Amino acid sequence: MNIVLYSSIALIAIAFLILVVYVVQTLKTLQTTLQHVAKTVEEVEKQMHEIGKETAQLLHKTNALADDVHKKAESLQSVFDAVKQVGVTVQTFNNSISKTLTTNEKKITQAIQWGQTLIEIWTKWKEKRK
């Protein structure tokens, strides 16, 4: 009976030894995998840091561009105001001419008639001289 007991203990010890060997191999593989994961995380962290820098630079450039566009838009506003003033001046001038023509319509008509009459007289006078 002692032999069965010692054989059982030896068999349990061998099984435990095999289990320990497989657990050690699994832990070594896990350790290698975790080292690769740690390296990948470090690389991702470096890339994220560089992306952060590039994003900050892009944001600064975008802000500078927005300021430049704003300044140019403000400078164009004065041009638009000047063009508007020219338009108002031209419209006022046209209104003034229209009023003057309307007011002096009879005088203009008479001047045209006198001009036509003078041209007819001139033409007849030239014909008589020939």
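As the structure is a prediction and not an experimental result, all values here were calculated from the model.

Assigned secondary structure in the protein chain consists of two helices and zero strands. The C-alpha radius of gyration of the protein chain comes to 52 Å, more than 25% above the 14 Å expected for a compact globule of 130 residues. Each principal axis of the C-alpha distribution contributes one length, and for the protein chain these read about 170 × 30 × 30 Å. When each of the 130 residues of the protein chain is scored for burial, the buried share is 0%. Carbon together with sulfur atoms contributes 66% to the accessible area of the protein chain, which is approximately 12600 Å² in total. Averaged over its 16 positive side-chain charges, the protein chain has a centre that lies 18 Å from the centre of its 12 negative ones.

Inspection of the entire model under this criterion finds one aromatic pair. Ring centres of W122 and W125 lie 5.3 Å apart, and the angle between their planes is 40°; on these two criteria the pair is classed as tilted. Here W122 and its partner W125 are both found in helix α2 (residues 105–129), three residues apart, which amounts to about one turn of the helix. Judged by its relative accessible area of 48%, W122 is partly exposed.

Take the UniProt feature "transmembrane region" (unreviewed entry) in the protein chain next. As recorded in UniProt, the feature "transmembrane region" (unreviewed entry) lies at residues 6–24. Between the first and last C-alpha atoms of residues 6–24 the distance is 27 Å; the span itself is 100% helix and 0% strand.

Per the stated rule, a full pass over the model turns up one salt bridge. A salt bridge links K72 to D68, with the shortest nitrogen-to-oxygen separation between them at 3.3 Å. One end of the pair is K72 and the other is D68, both in helix α1 (residues 2–103) and four residues apart, which spans about a single turn. With relative accessibility at 48%, the residue K72 sits in the partly exposed group.

Thresholds, definitions, all that
Residues numbered from 1 in each chain as written. Predicted model: local features only at pLDDT ≥ 70, side-chain atom pairs only at ≥ 80, totals over all residues. Heavy atoms only, no water. Helix = DSSP H or I, 4+ residues; strand = E, 2+ residues; numbered from the N terminus. Rg over C-alpha atoms; globule rule 2.2 N^0.38 Å. Buried < 20%, exposed > 50% of the residue type's maximum accessible area, 1.4 Å probe, protein only. Areas by Shrake-Rupley, 256 points an atom, 1.4 Å probe, with all protein chains shown as cover. Lys, Arg positive; Asp, Glu negative; His and termini not counted. Charge placed at Lys NZ, Arg CZ, Asp CG, Glu CD. Phe/Tyr/Trp six-rings, centres within 6.5 Å; stacked < 30°, edge-to-face > 60°. UniProt positions renumbered as here; feature names shortened; annotations may be inferred. Salt bridge = Lys/Arg side-chain N within 4 Å of Asp/Glu carboxyl O.

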